[in-house]
Amino acid sequence: MSCCNKKHNSEIGRGCCFCDCGEELEAIAQEGCYKLHETNWLEEYPDNIPTDIFEVRFKNTRRSYYQNVNGLSLKRGDIVAVEATPGHDIGIISLTGDMVAKQMRRVGFNPHNGEFKKIYRKARPYDIEKWQEAIALEHETMIASRQIAADMGLNMKIGDVEYQGDKIKAIFYYIADERVDFRELIKVFADRFRIRIEMKQIGARQEAGRIGGIGACGRELCCASWMSSFSSVTTNAARMQEISLNPQKLAGQCSKLKCCLMYEYDVYADARRTIPRLREPLQTLDGEYFLVKVDPLAQTMSFSTSKGTLANLTTLPIWRVKEIIALNRAGERAETLLGDAETERTAEPTYRHEEDSITRFDNKGKRNKRNKRRGGKDKEQRTEQPATPAVEAKGEVAQSNEPRAEKPEKADKGERVERGERNNQRRQRNDRDRRRDNNREGRENREPRENREPRENSRPAAEQQVVAVGGNNGGSNNVGNGNGGARNEHRRRNNRPRRNNAERGSREEGRAPKAEE
C-alpha cells in the first residue's frame, strides 16, 4: 500500500511510510507491514465506557499507554508526539476505545505513580523530518556499537538500536548469558554518538521477535506476528505429548524450545488424567504384555509380547486395560487380551451400480492383457451365431445352448507347489524309461561278434616280422620292451573270433576231465 500515487518504501520497524510528494513531509501508517499487528474488533461498535487512554506503538514490539489530556480528535493510525524522559517521542496510535482497557488488563500495565504520560499533539512536518533522520542513524549506530563492545571484550550481543523521535536518546537492546558490567561502555557510547544512552536486556525469544523470520512450519514466526508475552517452555511439554526429545527438532530459530510446544499442553494434560499408570505388564493366559506407547487423544494403549520391541503389537481401549488391571490385582489372569474389545471386520458396502464402485478400476490392467491374448477368437465366441451344416462340415465347432461348466476354483499356493513337484517327478520317470528303451533297441540291432569282420593289422610287414621273431620270451630281437611276446600273444587272441556261450558249453562237455594227481 503506497501513501500516494507514487510508490514509497515502507518502514517495517514503525509500520508507516514517508511521503514527500507534497509541500510538506508526511508520515502515513500502513496496516500489516509491522510486527505484532493487532485488529481492533470493537472499533465499529460504540464505546461503553468513555476513555481518553490510547495505546501508542513504537519500533517493533514496544508499546505504551498515554492519556489524551488536550482532548484531541484521534483515531487509529495517527502519528502523535508523546511525552518522554527526557524530550518527546514520535509514535503511532494502535488501539482506541474499550480495547485499550482489555489490552492493559491482559499485559498487566500499571502507570508510574498512578499517572499516565501525556499525548502532546499530532506530529508536525518538522517532527516527522527529525524522526526520519533518527531512523536513518539506527543501523550505523548498531554496527559501530557492536564493534566497540567486541573491542572491550564484553560477552554481550547488541541486537537492535532504537532512536527517540527527537534524536536526543537511544535505546540499545542487547543479549547476554551472564551479568555484564557496561558502565564503561555507556561512557564510550555517549562520547561517540553524543546522545543519552539506555541499555535494555532482552531474551533470545524477544530478539527473534524483533528480527523476524520463517519457522519450520512455513509460516511467519509467532513471536514476530502475534505473540507479545512468552511463557517458560520445558521438555516436560514434549514428554506429555509423546514427542521425540530431539534438540534439533524441538529448538526454534532462537535456539530455545519452540513456543508452540505449549499450545496443546493443557489438552494433553487433561486427556492423560483418565489413562491408568502401569508399572507391571498385563497378565493373561496367553502370556505377559508390555506397554509400548500411549495415545492420549485417542484414549488407547498399545502392548507388545516382548519388552522394548513391537512384536505382536495390540492396541486396547482404556476401559479394557482397566478391566485387566482389576483382574490382575485380584490375583486372576484374563483369558484373552482383547476380550469383548475385539471388533468384527465390517463388510465392504455394496453398490447398486457398477459405475459407482470405488474398486471397478483395480483389475483393469489384467483384463486388458487377457483380452489381448484372446484376440479376435474371443470376440467370435461371444457373438452368438446359429450353426449351419456347412460350417460343421468344415470342422468348426458349433455353438450349443448348453450351459457352460463352471470353472474350478483356483488352488491355493501350497496345492500348486505339490502339483508342480508331481509333474517334475513324472517327467523324470518318462525320461528314464525312454533312455532305457533306446539302449535296449540299440543292443538288439547290434550284429553278433561272430559275424563281425576281423580287424586288419595296421602294422607294416617289417614290424610284423620283428614281432614274430621276438616270440614270447621277449628276447633282444624285439623292437619294444622285454615283454613284447606276451603283448603280441594277447593281440592274437583278440583277433580270434569269439565263441558264444553255447559253443563254449558244448566244447567243455566234450573235453575229458583232468585226472587227479
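It should be emphasised that the depicted structure is a prediction, and the values quoted were computed from it without experimental measurement.

## Topic: the side chain of threonine 284
Phase 1: The residue threonine 284 is located in strand β12 (residues 282-284) in this model.
Phase 2: If near-sequence neighbours (up to four positions away) are discounted, threonine 284 is found in contact with Tyr289, Arg333, Ala334, Thr336 and Leu337.

## What about the nonpolar core?
Phase 1: Met156, Ile158, Phe172, Leu185, Phe189 and Met199 are the most contacted members of the largest nonpolar core, which totals 22 residues.
Phase 2: At the level of secondary structure, the elements contributing two or more residues to this core comprise α3 (138-151), β9 (157-163), β10 (169-175), α4 (183-193) and β11 (196-201).
Phase 3: Among the elements that make up this core, the one with the highest residue count is α3 (four residues).
Phase 4: Those residues in contact with methionine 199, other than ones at most four positions away along the chain, are Met156, Phe172, Tyr174, Phe182, Leu185, Ile186 and Phe189.

## Thoughts on the pairing of strand β14 (residues 300-304)
Within a regular beta strand, the side chains point alternately toward one face of the sheet and then the other, so they alternate between its two faces.
Phase 1: Counting buried positions along β14 yields four of five residues, so the element is predominantly enclosed.
Phase 2: Pairing between strand β13 (residues 287-295) and β14: five bridges, direction antiparallel. Looking at the pairing, lysine 293 lines up with serine 302 of β14.
Phase 3: The antiparallel pairing of β13 with β14 creates a hairpin that spans four residues between the two strands, and glutamine 299 there sits at a positive phi of about 60°.
Phase 4: Across four bridges, the pairing between β14 and strand β15 (residues 314-317) is antiparallel. Residue pairing in the sheet places phenylalanine 303 in a bridge with threonine 314 of β15.

## Description of a nonpolar patch on the surface
Phase 1: Together, Val292, Leu310 and Leu313 make up a nonpolar patch on the protein surface, roughly 260 Å² of accessible area in all.
Phase 2: Relative accessible area serves as the criterion here: at 59%, leucine 310 is assigned to the exposed category.

## With respect to the packing of α3 against α4
Phase 1: Where α3 contacts α4, the two axes come as close as 11 Å, and the packing angle between them is 140°. On the basis of their axis angle, the class for α3 and α4 is oblique. Like other packed secondary-structure pairs, α3 and α4 cross with a definite hand, here right-handed. In this structure, α3 contributes Thr141, Ala144, Ser145, Ile148 and Ala149 to the contact, and α4 contributes Leu185, Val188, Phe189, Arg192 and Phe193.
Phase 2: For the contact of α3 with α4, a count of residues per class yields seven nonpolar, two polar and one charged.

## Brief notes about a positive patch on the surface
Phase 1: Taken together, the side chains of Arg416, Arg419, Arg422, Arg426, Arg427, Arg429, Arg432 and Arg435 present a region of like positive charge at the surface.
Phase 2: Residue position: arginine 422 is located in helix α14 (residues 413-445).
Phase 3: Judged by its relative accessible area of 44%, arginine 422 is partly exposed.

## A look at helix α2 (residues 125-136)
Phase 1: Its twelve residues give α2 an end-to-end C-alpha distance of 17 Å, which sits within 8% of 16 Å, the value for a rise of 1.5 Å per residue.
Phase 2: Looking only at α2, the buried set comprises Asp127, Ile128, Trp131, Ala134 and Ile135. Each buried residue of α2 sits inside an arc of 120° when the element is viewed along its axis, so together they form one side. Opposite its buried face, α2 presents the exposed residues Tyr126 and Ala136, each directed more than 90 degrees away.

## Some points on the environment of glutamate 55
Phase 1: When you line up the elements, glutamate 55 lands in strand β4 (residues 53-57).
Phase 2: Considered as a pair, glutamate 55 and tyrosine 65 are ten residues apart in the sequence and their alpha carbons are 4.5 Å apart.
Phase 3: Once you skip the residues sitting within four places of it in the chain, glutamate 55 turns out to touch Glu38, Arg63, Ser64, Tyr65, Ile92, Ile93, Ser94, Leu95, Val100 and Gln103.
Phase 4: Within polar-contact distance, the side chain of glutamate 55 engages the side chain of serine 94 at 2.6 Å.

## Quick word on the confidence of the model for the chain
Phase 1: Here the chain averages 76 in pLDDT, while 68% of its residues score no lower than 70.
Phase 2: Across residues 458-485 the pLDDT falls below 50, and counting only partners more than four positions away or on other chains, this stretch makes 20 contacts in the model.

## Some points on unusual backbone geometry
Phase 1: Threonine 85 connects to proline 86 through a cis peptide bond whose omega is -5°.
Phase 2: For proline 86, the position within the fold is in the loop between β6 (79-83) and β7 (88-95).
Phase 3: Positive phi outside glycine occurs at serine 255, with the angle close to 65°.
Phase 4: Position of serine 255 among the secondary structure elements: in the loop between α8 (247-250) and α9 (265-271).

## Some thoughts on the packing of aromatic side chains
For any pair of aromatic rings, the description consists of the separation of the ring centres together with the inter-plane angle of the planes.
Phase 1: The tally for this structure, following the rule as stated, stands at nine aromatic pairs.
Phase 2: Here the aromatic cluster, defined as three or more aromatic residues joined through ring pairs, consists of Tyr65, Phe109 and Phe116.
Phase 3: Sitting above the plane of the phenylalanine 58 ring, arginine 62 keeps its charged end 4.1 Å from the centroid.
Phase 4: The ring of tyrosine 173 has arginine 210 sitting right over it, with the charged end atom 3.8 Å from the ring centre.

## Observations concerning the pattern of salt bridges
Phase 1: Scanning the model with the defined rule gives 17 salt bridges in all.
Phase 2: For lysine 59, the salt bridge is made with glutamate 138, and the minimal N-O distance between the two is 2.8 Å. Here the residue lysine 59 occupies a position in the loop between β4 and β5 (63-67), and glutamate 138 occupies one in helix α3, the gap between them amounting to 79 residues. Here the two residues lysine 59 and glutamate 138 agree in accessibility, since each one is buried.
Phase 3: Note that arginine 210 is salt-bridged to aspartate 160, the shortest N-O span being 3.2 Å. Separated by 50 residues along the polypeptide, arginine 210 in helix α5 (residues 204-211) and aspartate 160 in strand β9 bring together distant segments of the chain.
Phase 4: Overall, arginine 210 belongs to the buried group, its relative accessible area being 9%.

## A few points about the sheet that holds strand β8 (residues 117-122)
Phase 1: Strand order around the closed barrel formed by five strands is β4-β5-β8-β6-β7, with mixed pairing between neighbours. The average angle at which neighbouring strand axes cross in this sheet is 55°, direction not considered.
Phase 2: Relative to β4, helix α1 (residues 98-107) is tilted by about 65°, and along the sheet it contacts β4, β5 and β7.

Thresholds applied
- Residues numbered from 1 in each chain as written.
- Predicted model: local features only at pLDDT ≥ 70, side-chain atom pairs only at ≥ 80, totals over all residues.
- Heavy atoms only, no water.
- Helix = DSSP H or I, 4+ residues; strand = E, 2+ residues; numbered from the N terminus.
- Contact = heavy atoms within 4.5 Å.
- Core = buried A, V, L, I, M, F, W, Y, C linked by side-chain atoms within 4.5 Å.
- Buried < 20%, exposed > 50% of the residue type's maximum accessible area, 1.4 Å probe, protein only.
- Pairing = 2+ DSSP bridges.
- Patch = residues over 30% accessible without salt bridge, like charges linked within 9 Å, V, L, I, M, F, W, Y side chains within 5 Å.
- Areas by Shrake-Rupley, 256 points an atom, 1.4 Å probe, with all protein chains shown as cover.
- Salt bridge = Lys/Arg side-chain N within 4 Å of Asp/Glu carboxyl O.
- Axes fitted to C-alpha atoms, helices over the stretch in contact; angles between N-to-C directions.
- Parallel < 35°, antiparallel > 145°, perpendicular 65-115°, else oblique.
- Left-handed = near helix turned anticlockwise from the far one by under 90°.
- Nonpolar A, V, L, I, M, F, W, Y, C, P; charged D, E, K, R; others polar.
- Lys, Arg positive; Asp, Glu negative; His and termini not counted.
- Charge placed at Lys NZ, Arg CZ, Asp CG, Glu CD.
- Expected span 1.5 Å × (residues − 1).
- Arc of directions from axis to C-beta.
- Polar contact = N/O pair within 3.5 Å; in protein donor to acceptor, adjacent residues only side chain to side chain.
- pLDDT = per-residue confidence, 0-100.
- Phe/Tyr/Trp six-rings, centres within 6.5 Å; stacked < 30°, edge-to-face > 60°.
- Lys NZ or Arg CZ within 6 Å of the ring centre and 35° of its normal.

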